[in-house]
Amino acid sequence: MMESQSPNANTSDPAPSQESISSNVRGKTDSAWEHVSFKVDILNGSKSMICLYCQKTFKGGGINRMKQHLAQRKGDIAICRKVPYDVRFKMDQSLNEINDKKRSEKQPMNFVDTRAHCGRNDNDDDIEIREIDPLSTHDSYQLKRPTTSSGKGKASSGLITSYFAPRTTLGAQPGIKSVLASKAAINHVDHAIMKWLCDACIPLNSLCSRYFQPMLDALVTIGPGYKAPSYHNCRTNLLKDLIQEVQMLLLGYLWLHCNG
Ligand SMILES: [Zn+2]
């Protein structure tokens, strides 16, 4: 483990922190790092990135290459088959903004093709250095188009507050645009819910339950791969927890009644 220190130990700063994992990544403030795991091989120093959704490992390339993977842009890298829609949208938007920024720097007042959907990125490193991530990872999701946008995104400017529950990682709310942009995906989910309601003979007024939307919000925070609780777990542990919660609530009311 520790033998990776350089043999010629006369150098004053051999940068031992290189061994740590994802602690000294240059672009780690980039929102894409929320979906990518970064590892440095201690033995040979090779860096690799792992997609948190499909678990594929990629050696070499920068975070922008991973963005292409997550944005499902064909070209330099295999596309991700398991990326959630909102993540794919964010990565796609981020890549567009990088392209816009590059172009606006080179030709400030000229034609800017904001929606170039081809995955060309020859110089990842160059892009990484200059990238200013507009999707602040710890704030609400901002749908901010560069001013050089040629009109397509003009209706989407402005701050979208954290209307949706956070996803697995901090601050990774899906943007409202990403939701609106995918009517088919929403229909798909609605259809699945409806099918479940009908199949289980659940009365439709259960949709009016105040716990319905919080349940969905909680579910979304887990992200892909969440498995519903088992029948057994529901009728034992989870039911016990809930009963306890109700009892505590009643005790609270009782206390208020007696002392208030
Ligand atoms: Zn992937």
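It should be noted that the structure appears before, not after, this text.
Here is a short report on the structure shown in this document. Predicted, not measured: the structure shown is a model, and the values here were computed from it.

1. Some thoughts on the nonpolar core
Counting 21 residues, the largest nonpolar core has Val36, Met49, Cys51, Tyr53, Ile63, Met66 and Leu70 as the members making the most contacts within it. Where this core is concerned, the elements lending two or more residues are β1 (36-40), β2 (47-51), α1 (63-70) and α2 (85-106). Each residue touching Met49, except ones within four places of it in the same chain, is listed here: Trp33, Val36, Ser37, Phe38, Lys56, Thr57, Phe58, Gly60, Gly61, Gly62, Ile63 and Met66.

2. Quick look at the sheet that holds β2
Spatially, 3 strands are ordered β1-β2-β3 in an open sheet, and the strand pairing comes out antiparallel. Of all the strands in the sheet, just β1 and β3 (57-59) have a single pairing partner and so form its edges. Ignoring which end each strand starts from, the neighbouring axes of this sheet average 25° apart. Where β2 and β3 come together, 3 bridges link them in antiparallel fashion. Within β3, the residue paired with Ile50 across the bridge is Thr57.

3. Things to note about the packing of aromatic side chains
By the definition in use, this model includes 1 aromatic pair. When the centroid spacing of 5.6 Å and the interplanar angle of 90° are considered together, the rings of Trp33 and Phe38 count as edge-to-face. Each member of the pair, Trp33 as well as Phe38, is classed as buried.

4. Quick look at the layout of surface pockets
Here the second largest pocket defines a volume of roughly 770 Å³. Tyr211, Phe212, Pro214, Met215 and Pro229 are, among the 20 residues lining the second largest pocket, the residues nearest its centre. When residues of the lining of the second largest pocket are traced back to their parent elements, those giving at least two are α5 (183-199), α6 (212-222) and α7 (231-259). Class assignment for the residues of the lining of the second largest pocket results in 17 nonpolar, 2 polar and 1 charged.

5. Let's talk about the packing of α1 against α2
As a packed pair, α1 and α2 sit with axes 8 Å apart at the nearest point and diverge in direction by 130°. It follows from the interaxial angle that α1 and α2 lie oblique. The two elements α1 and α2 cross, and the hand of that crossing is left-handed. Side by side, α1 and α2 meet where Asn64, Lys67, Gln68 and Leu70 of the first sit next to Arg88, Met91, Ser94, Leu95 and Ile98 of the second.

6. Some thoughts on a nonpolar patch on the surface
Together, Leu242, Val246, Leu249, Leu250, Tyr253, Trp255 and Leu256 make up an exposed nonpolar region whose accessible area comes to about 770 Å². Looking at the secondary structure, you find Trp255 in helix α7.

7. Here we look at α5
The first and last C-alpha atoms of α5 sit 24 Å apart over 17 residues, in line with the 24 Å expected at 1.5 Å per residue. A positive phi of about 55° marks Cys201, the residue just after α5.

8. Observations regarding the pattern of salt bridges
The full count for this structure, using the stated rule, is 4 salt bridges. Here Lys67 makes a salt bridge to Asp30, at a shortest N to O gap of 2.9 Å. Of this pair, Lys67 sits in helix α1 while Asp30 sits in the segment before β1, and the two are 37 residues apart along the sequence. We note that Lys67, like Asp30, is buried. Between Arg73 and Asp92 there is a salt bridge; the shortest N-O distance is 2.9 Å. Remark: Asp92 occurs in helix α2 and Arg73 occurs in the loop between α1 and α2; sequence separation between them is 19 residues.

9. Describing α7
Across its 29 residues, α7 extends 41 Å between first and last C-alpha, which sits within 8% of the 42 Å expected from 1.5 Å per residue. Bending of α7 peaks at approximately 40° at the position of Leu239. Counted residue by residue, α7 has 0 buried out of 29 residues, so it is predominantly exposed.

10. Some remarks on the coordination of the zinc ion
Around the zinc ion, the donor atoms from the protein are Cys51 (SG), Cys54 (SG), His69 (NE2) and Cys80 (SG), and they sit 2.1 to 2.3 Å away. Coordination at the zinc ion is tetrahedral: its 4 donor atoms span angles of 102 to 116° at the metal. If you list the donors of the zinc ion from N- to C-terminus, the spacing comes out as C-x2-C-x14-H-x10-C. Each member of the pair, Cys51 as well as Cys54, is classed as buried.

Here is what the cut-offs are and how they apply
- Residues numbered from 1 in each chain as written.
- Predicted model: local features only at pLDDT ≥ 70, side-chain atom pairs only at ≥ 80, totals over all residues.
- Heavy atoms only, no water.
- Core = buried A, V, L, I, M, F, W, Y, C linked by side-chain atoms within 4.5 Å.
- Buried < 20%, exposed > 50% of the residue type's maximum accessible area, 1.4 Å probe, protein only.
- Helix = DSSP H or I, 4+ residues; strand = E, 2+ residues; numbered from the N terminus.
- Contact = heavy atoms within 4.5 Å.
- Pairing = 2+ DSSP bridges.
- Axes fitted to C-alpha atoms, helices over the stretch in contact; angles between N-to-C directions.
- Phe/Tyr/Trp six-rings, centres within 6.5 Å; stacked < 30°, edge-to-face > 60°.
- 1 Å grid on protein atoms, 1.4 Å probe; cavity = no way out; pocket = protein on both sides within 12 Å on 5 of 7 lines; lining within 4 Å.
- Points joined across faces, edges and corners; volume = space filled by probe spheres on them.
- Nonpolar A, V, L, I, M, F, W, Y, C, P; charged D, E, K, R; others polar.
- Parallel < 35°, antiparallel > 145°, perpendicular 65-115°, else oblique.
- Left-handed = near helix turned anticlockwise from the far one by under 90°.
- Patch = residues over 30% accessible without salt bridge, like charges linked within 9 Å, V, L, I, M, F, W, Y side chains within 5 Å.
- Areas by Shrake-Rupley, 256 points an atom, 1.4 Å probe, with all protein chains shown as cover.
- Salt bridge = Lys/Arg side-chain N within 4 Å of Asp/Glu carboxyl O.
- Expected span 1.5 Å × (residues − 1).
- Bend = angle between axes of the 7 residues up to and from the residue.
- Donors = N, O, S within 2.8 Å, 3.2 Å for Na, K, Ca; no water.
- Tetrahedral: all angles 85-135°; square planar, octahedral: opposite > 155°, others 65-115°.

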